[in-house]
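Below are the chains, spelled out letter by letter.
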Amino acid sequence: MLVLTRKRNQGIMLGDRIKITVLEVKDDTVKIGIDAPGDVTILRSELYQAVREENATAAAGDGNAAELLKDFLAGQGEKR
Amino acid sequence: MKVRTARFGILEIEANMIIEFPKGIPGFERLRRFFMLPVEGAENIRWLQAVDEPAVALLIIDPFKYYQGYSCDVPDQIAGELEIKESAEALVLTAVTVPPDNPAAATANLVAPIIINTRLRKGRQVILSGSPYSTRHNLFQEIKSPAGRDRTGKVSEPAGDTPPDTAKKVSGKGGV
């Protein structure tokens, strides 16, 4: 990992289209501004990680998952 | 072609059933080819099975059938990537996680819908940025009490000092 030290209002260019600026540093929180073209997806990394983990958990279910779900849905239908 | 799967044995599928995921899906970035398998007796549930990895299959549902008011705004660059020309050719699905011992606790990943261009059979799992959804929405809780109906009744009674907006916090843990 490349590590750079920046001060407030200093920035970093990623390629020639993406600019990241440190806007504010307060206690353990950093406020970051990002200028990027619309086709660049920007996500908090923990959300991306959460989706990866959820996919892995979902894919770990066995073949019975569909049956369980189906039976439960049928039960729900009767109750309604 | 024959496809080996961990759950369903060896399946014979047609080449035109294969859906290309040029970027894979998060967690399975190397798996580029999937196909959908119906679940007998449950038309709203399907499996999305990886062609090149027998163990990887996700249960998927149509979120609009289970979550009233679900909306997903497909970003322009994703629609462009999938070459979606009209909304009718876009299929929106969400993966469901079913705990093996407790189907009542099944959850749907509403923050990361799987969008498929049905015309070109090209797909992508999109992570919605700035949406009110999370990776785990209880499937059955929300079926029983869709947003806007009686689930909020108890809290929204003018009962003393209960802040009125507590009732509106459904299960959106996330956003970005």
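My aim in this report is to walk through the structure given alongside it, one point at a time. (Residues numbered from 1 in each chain as written. Chains lettered and ligands numbered in written order. Predicted model: local features only at pLDDT ≥ 70, side-chain atom pairs only at ≥ 80, totals over all residues. Heavy atoms only, no water.)

## Thoughts on helix α1 (residues 45-60) of chain A
Look at α1(A): 23 Å from first C-alpha to last across 16 residues, which is about the 22 Å you get at 1.5 Å a residue. Inspection of α1(A) places A:Leu47, A:Val51, A:Glu54, A:Asn55, A:Ala58 and A:Ala59 among the buried residues, and these make up the whole buried set. Along α1(A), the residues classed as buried sweep out an arc of 125° about the axis, all on the same side. Exposed residues lying more than 90 degrees from the buried face of α1(A) are A:Ser45, A:Glu46 and A:Ala60. In this structure, the buried side of α1(A) is in contact with β6 (57-61), β7 (90-97), β8 (107-108) and β10 (122-125) of chain B. (Helix = DSSP H or I, 4+ residues; strand = E, 2+ residues; numbered from the N terminus. Expected span 1.5 Å × (residues − 1). Buried < 20%, exposed > 50% of the residue type's maximum accessible area, 1.4 Å probe, protein only. Arc of directions from axis to C-beta. Contact = heavy atoms within 4.5 Å.)

## A short note on the pairing of strand β3 (residues 29-35) of chain A
Where strand β2 (residues 18-26) of chain A and β3(A) come together, seven bridges link them in antiparallel fashion. The residue of β3(A) that forms the bridge with A:Val22 is A:Ile32. (Pairing = 2+ DSSP bridges.)

## Concerning the sheet that holds strand β1 (residues 11-14) of chain A
In sheet architecture, strand pairing relies on hydrogen bonds along the backbone and comes in two forms, parallel and antiparallel. Residues and elements named next belong to chain A. Taken together, the three strands give an open sheet; going across it, the order is β1-β2-β3, and neighbouring strands pair in antiparallel fashion. Only two strands of the sheet have a single partner each, and these edge strands are β1 and β3. Put simply, the sheet's adjacent strands are angled 25° from each other on average, direction ignored. (Axes fitted to C-alpha atoms, helices over the stretch in contact; angles between N-to-C directions.)

## Some words on the interface of chain A and chain B
Taken together, the contact between chain A and chain B spans 31 residues of the former and 43 residues of the latter. A combined buried area of about 3,000 Å² lies between chain A and chain B, and 67% of that area is made up of carbon and sulfur atoms. On the chain A side of the contact with chain B, A:Glu54, A:Asn55 and A:Leu69 bury the most area, a combined 21% of that side's loss. Here chain A is connected to chain B by two salt bridges. Between A:Arg52 and B:Glu29 there is a salt bridge whose closest N-O contact spans 3.5 Å. (Buried area = accessible area lost by both parts, 1.4 Å probe. Salt bridge = Lys/Arg side-chain N within 4 Å of Asp/Glu carboxyl O.)

## Quick word on the pattern of salt bridges
Side chains that differ in sign of charge can pair as their charged atoms come close. Applying the stated criterion across every chain yields a total of 12 salt bridges over all chains. A:Glu67 is the salt-bridge partner of A:Lys70, the closest N and O atoms lying 3.4 Å from each other. With a gap of three residues between them, A:Lys70 and A:Glu67 both fall in helix α2 (residues 64-79), about one helical turn apart. Assessed through its relative accessible area of 18%, A:Lys70 is described here as buried. When its relative accessible area of 36% is taken as the criterion, A:Glu67 is described as partly exposed. The closest approach of N and O atoms between B:Lys65 and B:Asp62, which form a salt bridge, is 3.4 Å.

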